Amino acid sequence: MSGTEKTKAHAEQAKGKAKEMTGRALGNERMTADGHADQAKGNARQAKEDVRDTLHRH
């Protein structure tokens, strides 16, 4: 995985987790859902890069 994409994936995951936890603490369902969505985007970015890495190794 390229360093830049890996960093972006981890940043999205961390941002999403923080937003989700803040939303839960405040009882804000929309913020919680937005945080969950941000985490999913980060996970998808990481999965995409993992597939690229696997294909480039073979």
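Residues numbered from 1 in each chain as written. Predicted model: local features only at pLDDT ≥ 70, side-chain atom pairs only at ≥ 80, totals over all residues. Heavy atoms only, no water.

**Here we look at the overall build of the chain**
Step number 1: Counting its secondary structure elements, the chain contains two helices and zero strands.
Step number 2: What you see for the chain is a C-alpha radius of gyration of 14 Å, clearly larger than the 10 Å of a compact globule of 58 residues, by over 25%.
Step number 3: For the C-alpha atoms alone, the extent of the chain along its principal axes is close to 50 × 15 × 10 Å.
Step number 4: When each of the 58 residues of the chain is scored for burial, the buried share is 24%.
Step number 5: Within the chain, residue pairs in contact and separated by at least 24 positions form 51% of the contacts whose partners lie at least 6 positions apart.
Step number 6: When the accessible area of the chain is evaluated, it comes to approximately 4,200 Å², of which 55% is carbon and sulfur surface.
Step number 7: In the chain, 12 positive and 9 negative side-chain charges are present, and the distance between their average locations comes to 2 Å. (Helix = DSSP H or I, 4+ residues; strand = E, 2+ residues; numbered from the N terminus. Rg over C-alpha atoms; globule rule 2.2 N^0.38 Å. Buried < 20%, exposed > 50% of the residue type's maximum accessible area, 1.4 Å probe, protein only. Contact = heavy atoms within 4.5 Å. Areas by Shrake-Rupley, 256 points an atom, 1.4 Å probe, with all protein chains shown as cover. Lys, Arg positive; Asp, Glu negative; His and termini not counted. Charge placed at Lys NZ, Arg CZ, Asp CG, Glu CD.)

**Things to note about the environment of Asn43**
Step number 1: When you line up the elements, Asn43 lands in helix 2 (residues 29-57).
Step number 2: Along the sequence, Asn43 and Ala9 sit 34 residues apart, while their C-alpha atoms lie 6.7 Å from each other.

**Side note on the side chain of Glu20**
Step number 1: Of note, Glu20 is situated in helix 1 (residues 3-26).
Step number 2: A distance of 2.7 Å separates polar atoms of two side chains, one belonging to Glu20 and the other to Arg24. (Polar contact = N/O pair within 3.5 Å; in protein donor to acceptor, adjacent residues only side chain to side chain.)

Bear in mind that shape data such as this cannot, by itself, settle questions of function.
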